[in-house]
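Observations on chain architecture
As a plain string of letters, each chain reads:
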Number of protein chains: 2
Amino acid sequence: MQERECGESAAPLYLRVRDQLASQIEEGSLAPNTRLPSERILAEEYGTTRVTARLALAQLEREGRLFRSNRRGWFVSPPRLIYKPAHDYSFSDYVTAQGRAPETDTLGVTPMEVSPWLAAKTGLSVGDPIVLLRRRRLIDGRPVLVENIYLNPKRLPNIETYDFNRSLWKLLREKYDVELRQKRIEMYPTALVDPQASDIGVTVGTAGLYVTRCSRDADGCFVELDEEFWLHDALSIQVDVD
Amino acid sequence: MQERECGESAAPLYLRVRDQLASQIEEGSLAPNTRLPSERILAEEYGTTRVTARLALAQLEREGRLFRSNRRGWFVSPPRLIYKPAHDYSFSDYVTAQGRAPETDTLGVTPMEVSPWLAAKTGLSVGDPIVLLRRRRLIDGRPVLVENIYLNPKRLPNIETYDFNRSLWKLLREKYDVELRQKRIEMYPTALVDPQASDIGVTVGTAGLYVTRCSRDADGCFVELDEEFWLHDALSIQVDVD
DNA sequence: TCGCTCAACTGGTATAGACCAGCTTGACGA
DNA sequence: TCGTCAAGCTGGTCTATACCAGTTGAGCGA
């Protein structure tokens, strides 16, 4: 939208380094998913120390232009995925539609009991049975989110026996004849902490977006509650109303 | 949602400092808007250096639990404002409804011409007249967002002559008989840069949320495009669909 | 050819200082 | 009483260095 106007040498050194890297990204000499030179080399190139180079890199990371892969290096962020949480598209479908390659790992399926927090969100009673499904999703080989999905076994009997590496939405429709209505979506930016950070393979404190969706069927019966922990630079949310 | 399980001394020092501060915030001994001891004093208390203390503080800032006021110190973040961008509530009304005190500053009103970027968003033609309104909004005295509002003077003649410190939404309804339909909302987390960062009074690189809304009236005529730059810890987005 | 080991690299964490710029506060003077 | 100004505080930026932990890739041996 708007670009910083300042190019003065009055700006702090780390922001001048940021500006030079940013313009290389914009002009395309650093393509998406390209790995940058190491912090030590960058520091030397710009005649400064690693601490200052890291400030510049961290600034670009906060802006969503760079990401890091644990102890492997810094990379140029690919474009954000357009994500419409109000729609029922499957992850695979809309990632594919945007020319990217989706993958899904199931991290675990755990039958458990409804906690007070879950009860408040879903309308179920504390102690009711619930099934927790944890998945990790990748785009072009990069993990971009993990999700906790709480499924209502009353509405979805034997749900834990299916294969969750395919589209859950298609599963619900085909096997349980569920048509989702009412959906409440909440989201806010926050930092990723463990266990989500290590599931995604990023440092604790990496910026993220927390998204939660509570879905009910046409009768108002609770079907599933979804908690998603996204990397902050991986998505752009889009919602149409009216 | 989920809390870190680790309390082992194996964790990095800056995360152990983070944990101690975080539990003080949770148990309430550090109330919202309380100022923390200075970085130098915290470093001494925890037997470490300022750099490490700053790592812990920055981590809590990323999580949305602390915020800083330029060269004044670190403060405990108040609860997030529940924000429903799909609704037409006025900022003042929903801030007040949540027991907080809203304020609005008008930063400027500028007639200008539609840029290519704006043309793509609005459907207007490049070079058409448009009015840019820039405002800053505060909650309990803390600036939490700045916004650029692009108003269509064809639909809203003489719009630049009104007082913008009151609700724009009420103004449109009362003076122009506008009833907004169709609304396209997009948002993504990013870092705040100048000029938004200095308008809000935070350091360049502070985490933010970019929200844009494009509104049309019942005839599909473009009314206004809104770009909002929020502090990331100030809000929680809520959208209901179907 | 295949698998393993290990050295060299990466970023992650941490110390110990330094100086600068903006804010706050209190003493002082009009 | 009120405004001014300077001292002392705050965080913001920066240097120089050190060691640790996970990744990578080259080279060796079976």
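Everything numeric here is computed off the predicted structure, so don't read it as measured data. (Residues numbered from 1 in each chain as written. Chains lettered and ligands numbered in written order. Predicted model: local features only at pLDDT ≥ 70, side-chain atom pairs only at ≥ 80, totals over all residues. Heavy atoms only, no water.)

**Describing the relation of the copies chain A and chain B**
Each copy of the sequence occupies a distinct position, and chain A is placed on chain B by a rotation of 180° and an axial shift of 0.0 Å, giving an RMSD of 0.0 Å. Accordingly, the operation relating the two chain copies is best matched by a two-fold axis. The rotation axis passes nearest to the C-alpha of Pro189 of chain A in chain A, at a distance of 3.3 Å. Residue by residue, 98% of the interface of chain A is reproduced at the interface of chain B, so both copies engage with the same surface. (Least-squares fit on C-alpha atoms with pLDDT ≥ 70 in both. Contact = heavy atoms within 4.5 Å.)

**Overview of the protein's contact with DNA strand D**
Among the 24 residues in the neighbourhood of DNA strand D, the closest are listed as Leu13, Thr48, Thr52 and Arg72 of chain A together with Arg71 of chain B. Taken together, the sugar and phosphate atoms account for 69% of what DNA strand D places within 4 Å of the protein. Within the side chain of Thr203 of chain B, an N or O atom sits 3.3 Å from a phosphate oxygen of DNA strand D. Only helix H1 (13-27) and helix H3 (50-62) of chain A together with helix H2 (39-45), helix H3 (50-62) and strand E2 (73-76) of chain B provide two or more residues apiece to the surface near DNA strand D. When residues in the surface near DNA strand D are grouped by element, the largest group, three residues, is from H3 of chain A. (Near = heavy atom within 4 Å. Polar contact = N/O pair within 3.5 Å; in protein donor to acceptor, adjacent residues only side chain to side chain. Helix = DSSP H or I, 4+ residues; strand = E, 2+ residues; numbered from the N terminus.)

**Things to note about the interface of chain A and chain B**
Contacts between chain A and chain B engage 44 residues on the former and 43 residues on the latter. Across the chain A/chain B interface, buried area totals approximately 4,000 Å², and carbon plus sulfur atoms make up 52% of it. Linking chain A with chain B are two salt bridges, by the criterion used here. For Asp240 of chain A, the salt bridge is made with Arg184 of chain B, and the minimal N-O distance between the two is 2.9 Å. Scanning the region where chain A abuts chain B turns up 16 residue pairs in polar contact (both at pLDDT 80 or more). (Buried area = accessible area lost by both parts, 1.4 Å probe. Salt bridge = Lys/Arg side-chain N within 4 Å of Asp/Glu carboxyl O.)

**Describing the confidence of the model for chain A**
In the predicted model, chain A carries a mean pLDDT of 87, and 95% of its residues have values of at least 70. Contacts of residues 1-9 of chain A to residues separated by more than four positions or lying in other chains number 21 contacts, the stretch itself having pLDDT below 50. (pLDDT = per-residue confidence, 0-100.)

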